[in-house]
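Observations on chain architecture
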Amino acid sequence: MNIYIEIIYLAASILFVFGLKGLTHPDSARRGMLLAAAGMTAAIVGTLFHPEIVRYHWIWIGLLIGGVIGAAMSIWMPMTSMPERTALSHAFGALAAALVGIAEYENYGGSMGKLKVGALGFEIMLGCLTFTGSLIAFGKLYGVVKGTPITFKGLNIFNMGLLAVMIGSFIYLAYDPSVAVAFYTMMTLALCFGVLLVIPIGAADMPVVMSLLNSYSGLAAAATGFVLGNNVLIIAGTLDGFSGFILSVLMCRAMNRSINNVLFGAFGSVSHTAADTAIGNMREVTLEDVAVQLAYAKQVVFVPGYGMATAQAQHAVRDLANLLEARGVSVKFGIHPVAGRMPGHMNVLLAEANVPYSVLYEMDQINPDLPRTDVAVVIGANDVVNPDARDNPGSPIAGMPIIEVDRAKSVVVLKRGTGKGFSGLENPLFFKPVTGMLYGDAKSSITGLAQAVREV
Amino acid sequence: MEKLVFDPRILMASLYVFALAAFLGYQIISRVPPLLHTPLMSATNALSAISVVGAIVMAGRENHHSISTYLGFIAVISASINVVGGFLITDRMLKMFKRDVRVKTADKKGNSK
């Protein structure tokens, strides 16, 4: 390959690493990404001078169409749809990797070496299963596919069988690269496996699934790098793959579950009768009472969950926080790692509403502060504040780290209705004497609270 | 075509690159604060869309079967969606993270009390 192109790829790899390093702090993040984007541009421009290229029209048309779609998506997509967009982009990335692999096999097929076909197999399997898996994840997030786990008896055994046949055809292909049937069997099974892998996973486990798909799409790109003998692909793909892997581990830890349990446990599909003991009465509170409480508090901690995202309440929350701060109340936000549908979901929503990141606290930072907090306001979160995870070893979520709002002097829970949350678990927090329930749509409740605080 | 069979030396070199990139990625990414996990995901996704360079060559070179050209063409589209979209939306998100904007807005709104 052309030495100049190789040098450009090397420079691009270095810029990518610097770009990611920028993301370790919000102040340096934009500059870092600018470097990475420069590296990407250089790599693309350099590739256009690749000696093997003879025709340019498909390249120009492809870049143009893709660029326009990408730009349009990023300009008009609302921030609340961030999880959907991310799922789609995993699908696109995986599709690109898979198609390059298929095209490579179509072109050379049987004349490829065994090791080469081995790398190609990884590329195809990861690419295809990530493609369909991400589309299902997108469907679940967008609401086209049912969010609750879809499962049937023997699904896991069926999946295992499918996986075994897929790997079998992969091995056969590596043994004899000219057998196209093995190649296409492997591809088709990988496409099916992606669907079956994500279909039984509940919406609340989406942060883990998104991270895993992130990881797979990166590894698919890295495998493409092995096939094409291109180091910048290996580096960028591996960085992506490991980033996704680290995020999945962090998300699993934040739920005290193993990746296996998330993938094959179909959490939330069974009713956990053991934990379903009613613990007393819920105390309903009025808007005015809460407003007075908030207005005269010294410190208020908001704990947002996916309910804040669905109600699009982040701007209303910001207004309320501003009003309280103007009255001298210290306002903080406690963010659980798995709140929402993807890692960091709540942070992005609050940042969009102009909440400065200096008041966004991680779970471990906010927990010691809660006993000193006058009012903790839970906005559309449930499992991440469920004290059963800490107190009841028999609970299905036992051991999951929570934001301990029940340690605050008083708790207000904003909830749409009296029903149970997504996981179907009873939440003893709602029955505690310190807790007041404020029913209704989160956005209108918060707007009402802001109005009432103004009148105090 | 020079690359059809994996030269074991090149395979080893590729594995070295993979291992070192994995280690580097682990070191850097475990230092990214949870605050920025969503931008991190969209940023790394944009980076791995570098597979566009493979797609470009596939779409532009002389292929044995024209199907490879068309597959390369679709791959160029889907990868460049991620390149352009990924960087733009990451920047759009990062722009929103501010250390303290509260002071000014609070002055305006605080008058109402």
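The structure contained in this document is the topic of the report that follows. (Residues numbered from 1 in each chain as written. Chains lettered and ligands numbered in written order. Predicted model: local features only at pLDDT ≥ 70, side-chain atom pairs only at ≥ 80, totals over all residues. Heavy atoms only, no water.)

So, on to the nonpolar core. Residues and elements named next belong to chain A. By size, the foremost hydrophobic cluster in this structure holds 162 residues, and its most contacted members are F302 and F333. Each residue touching F302, except ones within four places of it in the same chain, is listed here: V317, L320, A321, L324, V331, K332, F333, G334, V377 and I379. Residues M255, M363, M400 and V405 belong to the second largest nonpolar core, which totals 31 residues. (Core = buried A, V, L, I, M, F, W, Y, C linked by side-chain atoms within 4.5 Å. Buried < 20%, exposed > 50% of the residue type's maximum accessible area, 1.4 Å probe, protein only. Contact = heavy atoms within 4.5 Å.)

With that settled, consider the packing of aromatic side chains. One pass over the full model with this rule turns up 10 aromatic pairs over all chains. Summarising the aromatic geometry, the rings of F226(A) and F18(B) are spaced 6.0 Å apart at their centres and angled 65° between planes, so their arrangement reads as edge-to-face. Taken together, the residues F226(A) in helix α8 (residues 206–228) and F18(B) in helix α1 (residues 8–29) connect one chain to another. Counting every residue linked through ring pairs, the aromatic cluster contains W58(A), Y70(B) and F73(B). In this arrangement the basic side chain of K332(A) is found over the ring face of Y361(A), its NZ or CZ atom lying 5.1 Å from the centre. Directly above the aromatic system of Y306(A) lies the positively charged group of R341(A), at a separation of 3.6 Å from the ring centroid. (Phe/Tyr/Trp six-rings, centres within 6.5 Å; stacked < 30°, edge-to-face > 60°. Helix = DSSP H or I, 4+ residues; strand = E, 2+ residues; numbered from the N terminus. Lys NZ or Arg CZ within 6 Å of the ring centre and 35° of its normal.)

All names here are of chain A. Read across the sheet, six strands follow the order β3-β2-β1-β4-β5-β6 without closing on themselves; strand pairing throughout is parallel. One side of each edge strand has no neighbouring strand; the edge strands of this open sheet are β3 (360–362) and β6 (435–439). Sheet twist, expressed as the average angle between the axes of neighbouring strands with direction ignored, equals 25°. Direction of pairing for strand β4 (residues 375–379) relative to strand β5 (residues 410–415): parallel, over a ladder of five bridges. Pairing of V377 across the sheet is with V412, part of β5. Seen against the sheet, helix α14 (residues 345–352) touches β1 (299–304), β2 (330–335) and β3 and runs at an angle of roughly 145° to β2. (Pairing = 2+ DSSP bridges. Axes fitted to C-alpha atoms, helices over the stretch in contact; angles between N-to-C directions.)

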